[in-house]
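Okay, here's what each chain looks like letter by letter:
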Amino acid sequence: MSRTPLQWPKLIPLLFILLNSLHISVNSQSLDVQRSILLNLKQQWIGNQPTLETWDAISSPCNWSRIDCADDMVIGVFLSNLYISKEIPATICELQSLTDLDLSYNLIPGEFPTVLYNCPNLQYLRLVKNSFVGQLPQDIHNLSNLQLLDLADNGFTGDIPRAMGQLKDLSILRLNTNAFNGTFPADIGNLSKLVELELYGNRFVPMKIPPEFGRLERIERLSMSECNLIGEIPESFGNLSSLELLDLSSNDLVGSIPRSLVQLKKLRSLSLDTNKLSGEIPSSFHPLNWMETIDLSTNNLTGQIPTTLSLLRKLSDLILFDNHLSGVLPPELGLHSMLRRLDVHNNQISGQLPKSLCARRSLEDITAFSNNLTGKIPKSLAECSSLETIQLHNNGFSGEVPPGVWTLTSLSVLTLSSNGF
């Protein structure tokens, strides 16, 4: 008996319909499974919350509040500020496409949740301001796809593990304001994609800044204030060409400020205050530098204030108090930028106040008490309606106080005692 040959052109549409129906079936089942996982989390872990009223047994979880989906798959779960007080359950990783998890501002206890190692696609993890304690695990590199890790404002202690340097895709690392009291690894310098590193507010054992940190060529924000740092600022920091904010304040750093550091053109904020830095302020600032805030206060800096500082076109805050600076203030200070705050008190600065301080009508605070300033108070200050604070006591000013000073409407602090008026 002869067989009728298969007519493939006629079968292709039927196959397409069959495969398409299977695809719909798989997605539909996947949504059911994901809904069940999330509802179980709500019942057993999160509890009833007004913001989760949309979480029901009928609608798609992709239409729920605090849930983000792509192609009918849950990829984001955002449960911040829900007063969650139980440890993270392993079942959360049954959401197989989960990439973004935010559990910030809760009361979640326990050690670092290694159950999240079972979330194979996790890229963004925020556990800010919870009740986590203990040491970070040595195998934290198992979260191999992480791009953002934010553990700020918890109670983590001990060392930051070397394995942190193996999270090759990490771009944001925030470990600030914990109770770390061990060491941090030079291996962090291997994180070539790192854009933001926040370690401030941890009392590590006294440590030098690893020169390897100078390899972080993409870093834009580097904050390590109150970290018990010692030694000098690495010369390699001059290689951080993308750096916009550097905060190394409130440490025990010594030595001079690297010239290459102040030549970084994208640097907007430089905070090196409350250290033991010495030598002169580098004069190598470039006029095209983006610098807005410079705080070098409470150090042992000597010499004159470089005139190049007055040429920075974006400079708004210049804070240099409690040093051993001498010489005169740059005469063009305030002429080329929207200067908002000048604080140079407790130095040995001489000469007169620059007439241009309020040339851009932006000056709010001039604090220069306990110096060797002389001459008259510039009449231009009497016309500076933005001024809120003038502190010039304990100097050698003479002549009359410009009458307009007394009627400045925004002025709330004025101290002129111990002068020659």
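As the structure is a prediction and not an experimental result, all values here were calculated from the model.

**Regarding the pattern of salt bridges**
Then comes step 1: Summed over the entire model, instances satisfying the criterion amount to 13 salt bridges.
Then comes step 2: Note that Glu292 is salt-bridged to Arg268, the shortest N-O span being 3.0 Å. Highlighted residues: Glu292 in the loop between strand S16 (278-280) and strand S17 (293-295) and Arg268 in the loop between strand S14 (245-247) and strand S15 (269-271), separated in sequence by 24 residues.
Then comes step 3: In the salt-bridge network here, residues are joined through shared partners; they are Asp150, Arg174 and Glu196.

**Notes on the sheet that holds strand S8 (residues 155-157)**
The pairing of strands in a sheet comes from backbone hydrogen bonds and takes either a parallel or an antiparallel form.
Then comes step 1: An order of S4-S6-S8 is seen for the three strands of this open sheet, with the pairing classed as parallel. Across the chains shown, the open sheet's two edge strands, defined by having one partner strand only, are strand S4 (109-110) and S8.
Then comes step 2: Pairing of strand S6 (residues 131-135) with S8, which is carried by three bridges, proceeds in the parallel orientation. Bridging across to S8, Val133 finds its partner in Gly155.

**As for the confidence of the model for the protein chain**
Then comes step 1: Counting all residues, the mean pLDDT for the protein chain is 93, and 93% of those residues have values of 70 or more.
Then comes step 2: For residues 1-6, every residue scores under 50 in pLDDT, and the model assigns this stretch one contact once sequence neighbours within four places are set aside.
Then comes step 3: Note on residues 11-29: pLDDT under 50 across the span, and one contact to partners over four residues away in sequence or across chains.

**Topic: the packing of aromatic side chains**
One pair of aromatic rings is described through two measures. These are the centre distance and the angle between the planes.
Then comes step 1: Applying the stated criterion to the full structure yields seven aromatic pairs.
Then comes step 2: Both rings, one in Phe132 and one in Phe156, keep their centres 5.9 Å apart while their planes meet at 5°; by these two values the pair is stacked. In this pair, Phe132 sits in strand S6 while Phe156 sits in strand S8, placing the two residues 24 residues apart along the sequence. Neither residue differs from the other here; Phe132 and Phe156 are each classed as buried.
Then comes step 3: On the basis of an interplanar angle of 15° and a centroid distance of 6.4 Å, the ring pair of Phe156 and Phe180 is categorised as stacked. Taken together, the residues Phe156 in strand S8 and Phe180 in the loop between strand S9 (172-174) and strand S10 (196-198) connect sequence positions 24 residues apart. Take Phe156 and Phe180: they sit in the same class, and that class is buried.
Then comes step 4: Three or more aromatic residues joined by ring pairs form one cluster here, namely Phe112, Phe132, Phe156, Phe180, Phe184, Phe204 and Phe213.

Conventions adopted
- Residues numbered from 1 in each chain as written.
- Predicted model: local features only at pLDDT ≥ 70, side-chain atom pairs only at ≥ 80, totals over all residues.
- Heavy atoms only, no water.
- Salt bridge = Lys/Arg side-chain N within 4 Å of Asp/Glu carboxyl O.
- Helix = DSSP H or I, 4+ residues; strand = E, 2+ residues; numbered from the N terminus.
- Pairing = 2+ DSSP bridges.
- pLDDT = per-residue confidence, 0-100.
- Contact = heavy atoms within 4.5 Å.
- Phe/Tyr/Trp six-rings, centres within 6.5 Å; stacked < 30°, edge-to-face > 60°.
- Buried < 20%, exposed > 50% of the residue type's maximum accessible area, 1.4 Å probe, protein only.

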